[in-house]
Amino acid sequence: MNRTLAIFSMLAMGVLQACGPAATPEQQRQREHEIACLSGSLGGALIGGAIGSQFGGGTGRTILTAAGAGTGAVAGNRYACG
């Protein structure tokens, strides 16, 4: 029941959003910038985590994976958001 309600709510929000006014060119550029920043952060975190997981063992590997993901997210954000 909760799953059905959640899906219905998301669809209703999507329909209502589609009925709103069109985005201005400035709003569209801002959305594209936000998407680029998010993509850079997520991509950097994935790559950094993958690299960090290649080193260490046991708890050390977990720590290096987390550190790599964090560092990659910051680097990806700086690169994408410039």
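Before any of the text, the structure's been laid out above.
Please read these numbers as outputs of a predicted model, since none were measured by experiment.

(A) Local environment of the overall build of the chain. A tally of regular secondary structure across the chain gives three helices and zero strands. The secondary structure elements of the chain, listed N-terminal to C-terminal, are α-α-α. The globule rule puts the C-alpha radius of gyration for 82 residues at 12 Å, and the 19 Å found for the chain is more than 25% above it. Sequence separation of at least 24 residues holds for 55% of the intrachain contacts in the chain that already meet a minimum separation of 6. Of the roughly 6,400 Å² that the chain leaves accessible, carbon and sulfur atoms contribute 68%.

(B) Highlighting helix α2 (residues 25-52). Between its first and last C-alpha atoms α2 spans 40 Å; for 28 residues at 1.5 Å apiece the expected length is 40 Å, and the two agree. Buried within α2 we find Cys 37, Gly 40, Ser 41, Gly 44, Gly 48, Gly 49 and Gly 52.

(C) Examining helix α3 (residues 59-81) more closely. Taking 1.5 Å of rise per residue, the 23 residues of α3 would be expected to cover 33 Å, and the 33 Å separating its terminal C-alpha atoms lies within 8% of that figure. All of the buried residues along α3 are Gly 68, Gly 72 and Gly 76. Buried residues belonging to α3 abut α2. Backbone geometry just after α3 places Gly 82 at a positive phi near 40°.

(D) Inspection of the state of the cysteines at higher detail. Evaluated as defined, the whole model comprises one disulfide. Paired by a disulfide, Cys 37 and Cys 81 hold their sulfur atoms 1.8 Å apart. Taken together, the positions of Cys 37 in helix α2 and Cys 81 in helix α3 put the pair 44 residues apart, joining distant regions of the chain. A residue is classified by how much of its surface remains accessible, and Cys 37, at 12% relative accessible area, is buried.

(E) Structural view of a nonpolar patch on the surface. A cluster of nonpolar residues, Ile 47, Ile 51, Phe 55 and Leu 64, forms a patch on the protein surface that exposes about 400 Å² of accessible area. Considering the arrangement of structural elements, one finds Ile 51 in helix α2.

(F) Inspection of the pattern of salt bridges at higher detail. Tallied over the full model, the rule gives one salt bridge. Glu 26 serves as the salt-bridge partner of Arg 29, at 3.1 Å between the closest nitrogen and oxygen. With a gap of three residues between them, Arg 29 and Glu 26 both fall in helix α2, about one helical turn apart. With a relative accessible area of 49%, Arg 29 lands in the partly exposed category.

(G) Molecular detail of the side chain of Ser 41. Summarising the element assignment, Ser 41 is placed in helix α2. Here Ser 41 falls in the buried class, since its relative accessible area comes to 17%. What Ser 41 contacts, discounting residues up to four positions off in sequence, is Ala 73, Gly 76 and Asn 77.

Cut-offs used in this document
Residues numbered from 1 in each chain as written. Predicted model: local features only at pLDDT ≥ 70, side-chain atom pairs only at ≥ 80, totals over all residues. Heavy atoms only, no water. Helix = DSSP H or I, 4+ residues; strand = E, 2+ residues; numbered from the N terminus. Rg over C-alpha atoms; globule rule 2.2 N^0.38 Å. Contact = heavy atoms within 4.5 Å. Areas by Shrake-Rupley, 256 points an atom, 1.4 Å probe, with all protein chains shown as cover. Expected span 1.5 Å × (residues − 1). Buried < 20%, exposed > 50% of the residue type's maximum accessible area, 1.4 Å probe, protein only. Disulfide = S-S within 2.5 Å. Patch = residues over 30% accessible without salt bridge, like charges linked within 9 Å, V, L, I, M, F, W, Y side chains within 5 Å. Salt bridge = Lys/Arg side-chain N within 4 Å of Asp/Glu carboxyl O.

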